[in-house]
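Examination of the molecular architecture
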Amino acid sequence: MKNKKGILLWLFLVALLLVLALLCGAPSEEESVQEAMRDAVLHDVNSISLFGIKEVNPGLVSAMCVSLVLLIGAALIRILVIPRFSLVPGKLQILLEELVGMFDRMARESSPHRNRALGLYIFAAGTYIFSSTLFELFGFQAITTEGVSVALPAPLSDVNAAIAMGCMSYLFIVFGGVVQNGITGIGRALKEFSLPISMSFRLFGALLSGLLVTELVYFYIQLSFVLPVIVGVMFTLLHALIQSYVLTMLTALYYGEVTEPKKG
Amino acid sequence: MNIPLNIDWQQILLHMMNFAILAGGLYFLLYKPVKDFMEKRAAYYQELSDTAKKRISEADELKAQYEEQITKAREEIEKEKAEAIKENEELARQQIADAKKQAERIIAAARAEAERDNEKALHDSQEAMKELVAAATEKLLMKNDNAAIDMFLNSVERRGKDAEQG
């Protein structure tokens, strides 16, 4: 019964977001950019057609690719690995249990009163940020609407993806506050009104800085030996770890704060 | 509408939708099954732990009971031992007293018998002496030795007189 309710809520949310996305429409006017760096920041020169429906930033295509890969991977694990779980775990089982257990522990420690949904949210967010940041290392190519081949960037280096992530985290915190404490919960969440902006731009800034440095390094042929390995490790692997941890920890902390039961 | 940084609300919502699908999929395919398994395993080990604790507690109770029983048994044994020693000592005392009485009785009987034997022997010897004297007297008489008889009679008479005077 509880599962059915959750599935219905999830489907409703997906449908609502799709409808809103279609209704919202594209911006009427695009900025003109001249420099390569500005294109890396704004993603408004190279657009990719999304199933012929709309021209979107490469970051959105990257995000969808990451989601698809993650869901296929999760489905394979669900079918092939999880049924073979044993009381004495193997290496892969330990890895999966540690992954789930780490976010679950973080949720329980940060929000002792209400943490079931929080565990799921920070697990999904952490996995998404980590995987999508590593995604740019593979350099998958896509064809733009102008017929140019571009390497798909990390989704969160697109400001739209970062804003989506920051706003979703904030909305999730507000939702938790409302469910737990009603009006008081909304008050507590609104008190942190700068949170969506700080979360969004922290992600965007961190990922973008990595992207810009990488672009600069790749721009010059002299710097394209050995150095990309170090730059790749520094700005991709470390960002993947740090940004996953920062966003999930902040979400868990604020969620725990707004869902704390009223005193007295 | 010209929004700075090329922010596109439609793409933001598409990103949100993408993440919502991913979160739902990850929940059903990965998070929930793994968490369920971990909870089941934790419950299994918790049950094992509870059972072990319960058994240890029961064993402790049994041990305490047995120790109490052993203590009681030891006390009872000590008590019975003391009683047995006391009874034995009493019995020994009684037996010694009986033995002494019996010994006294035997000694008394032996003395009485010895006296009787002594008296009988004395009587028998006196009788034998009398018979010997009578026989000797008869022999002397048979020989008609008057002188001797006179001498004897005189001597007896004299002794009788001495005895009367003394």
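Residues numbered from 1 in each chain as written. Chains lettered and ligands numbered in written order. Predicted model: local features only at pLDDT ≥ 70, side-chain atom pairs only at ≥ 80, totals over all residues. Heavy atoms only, no water.

Each helix and strand in chain B was counted, giving two helices and zero strands. Buried positions account for 17% of the 166 residues belonging to chain B. Total accessible area on chain B is roughly 13,300 Å²; 57% of this is exposed by carbon and sulfur atoms. Between the centroid of the 26 positive side chains of chain B and the centroid of its 33 negative side chains there is a distance of 4 Å. (Helix = DSSP H or I, 4+ residues; strand = E, 2+ residues; numbered from the N terminus. Buried < 20%, exposed > 50% of the residue type's maximum accessible area, 1.4 Å probe, protein only. Areas by Shrake-Rupley, 256 points an atom, 1.4 Å probe, with all protein chains shown as cover. Lys, Arg positive; Asp, Glu negative; His and termini not counted. Charge placed at Lys NZ, Arg CZ, Asp CG, Glu CD.)

So, on to the overall build of chain A. Helices and strands together make up the secondary structure of chain A, namely nine helices and four strands. Sequence-ordered secondary structure for chain A, helices as α and strands as β, is α-α-β-β-α-α-α-β-β-α-α-α-α. For a compact globule of 264 residues, the expected C-alpha radius of gyration is about 18 Å, and chain A comes in at 20 Å, within 12% of that figure. Along the first, second and third principal axes, the C-alpha atoms of chain A reach 65 × 50 × 30 Å. Long-range pairs, those at least 24 residues apart, make up 67% of the contacts in chain A with a sequence separation of at least 6. Only carbon and sulfur atoms are counted for the fraction: they give 70% of the accessible area of chain A, which is about 14,100 Å². (Rg over C-alpha atoms; globule rule 2.2 N^0.38 Å. Contact = heavy atoms within 4.5 Å.)

This model, assessed by the stated rule, comprises nine salt bridges over all chains. Put simply, B:Asp36 and B:Lys32 hold a salt bridge, and the shortest N to O gap is 3.5 Å. One end of the pair, B:Asp36, and the other, B:Lys32, are both in helix H1 (residues 9-142), four residues apart, so they sit about a helical turn from each other. A relative accessible area of 29% means that B:Asp36 is categorised as partly exposed. Connected through salt bridges with shared partners, the residues A:Asp104, A:Arg108 and B:Lys35 form a single ionic network. (Salt bridge = Lys/Arg side-chain N within 4 Å of Asp/Glu carboxyl O.)

This part takes up the packing of helix H3 (residues 58-81) of chain A against H1(B). Orientation of H3(A) relative to H1(B), taken along the N-to-C sense of each, is 10 degrees, at an axis distance of 9 Å. Classified by the interaxial angle, the pair formed by H3(A) and H1(B) is roughly parallel. Contact residues: A:Gly59, A:Leu60, A:Ala63, A:Met64, A:Ser67, A:Leu70, A:Leu71, A:Ala74, A:Ala75, A:Ile77 and A:Arg78 in H3(A); B:Gln11, B:Leu14, B:His15, B:Asn18, B:Ile21, B:Leu22, B:Gly25, B:Leu26, B:Phe28, B:Leu29, B:Leu30 and B:Pro33 in H1(B). Of the residues contributing to the contact of H3(A) with H1(B), the split by class is 16 nonpolar, six polar and one charged. (Axes fitted to C-alpha atoms, helices over the stretch in contact; angles between N-to-C directions. Parallel < 35°, antiparallel > 145°, perpendicular 65-115°, else oblique. Nonpolar A, V, L, I, M, F, W, Y, C, P; charged D, E, K, R; others polar.)

Opposite the 66 residues of chain A that make contact, chain B presents 38 residues. On the chain A side of the contact with chain B, A:Trp10, A:Leu87 and A:Asn160 bury the most area, a combined 12% of that side's loss. For the interface between chain A and chain B, the tally reads three salt bridges. With its nearest N and O atoms 2.6 Å apart, the salt bridge here joins A:Glu97 to B:Arg41. Here chain A is connected to chain B by 10 residue pairs in polar contact (both at pLDDT 80 or more). Among the elements of the structure, helix H1 (2-24), strand S2 (54-56), H3, helix H4 (91-110), helix H5 (116-138) and helix H6 (159-181) of chain A are those that each provide at least two residues to the side of chain A that touches chain B. (Buried area = accessible area lost by both parts, 1.4 Å probe. Polar contact = N/O pair within 3.5 Å; in protein donor to acceptor, adjacent residues only side chain to side chain.)

So, on to unusual backbone geometry. All names here are of chain A. For Phe51, which is not glycine, the phi dihedral falls at a positive 55 degrees. Residue placement: Phe51 occurs in the loop between strand S1 (48-50) and S2. A relative accessible area of 71% places Phe51 in the exposed class.

With that out of the way, let us pick up the confidence of the model for chain A. All names here are of chain A. The predicted model of chain A averages 83 in pLDDT, with 91% of residues at 70 or higher. When pLDDT is averaged over each helix and strand of chain A, the minimum, 69, is found for helix H2 (residues 36-42) and the maximum, 94, for H3. A low-confidence stretch, residues 29-33 (pLDDT under 50), is modelled with 12 contacts involving residues beyond four sequence positions or located in other chains. (pLDDT = per-residue confidence, 0-100.)

Here the focus is the environment of A:Ile197. Residues and elements named next belong to chain A. Tracing the sequence through the fold places Ile197 in helix H8 (residues 195-219). Given the relative accessible area of 54%, Ile197 is considered exposed. Between the C-alpha atoms of Ile197 and Glu136, which are 61 residues apart in sequence, the distance is 24 Å.

So, on to H5(A). Residues and elements named next belong to chain A. Here H5 spans 34 Å end to end across 23 residues, near enough to the 33 Å set by a 1.5 Å rise per residue. Extensive coverage of H5 is indicated by the burial of 18 of its 23 residues. Just downstream of H5, Gly139 is the residue with a positive phi angle, here 65 degrees. (Expected span 1.5 Å × (residues − 1).)

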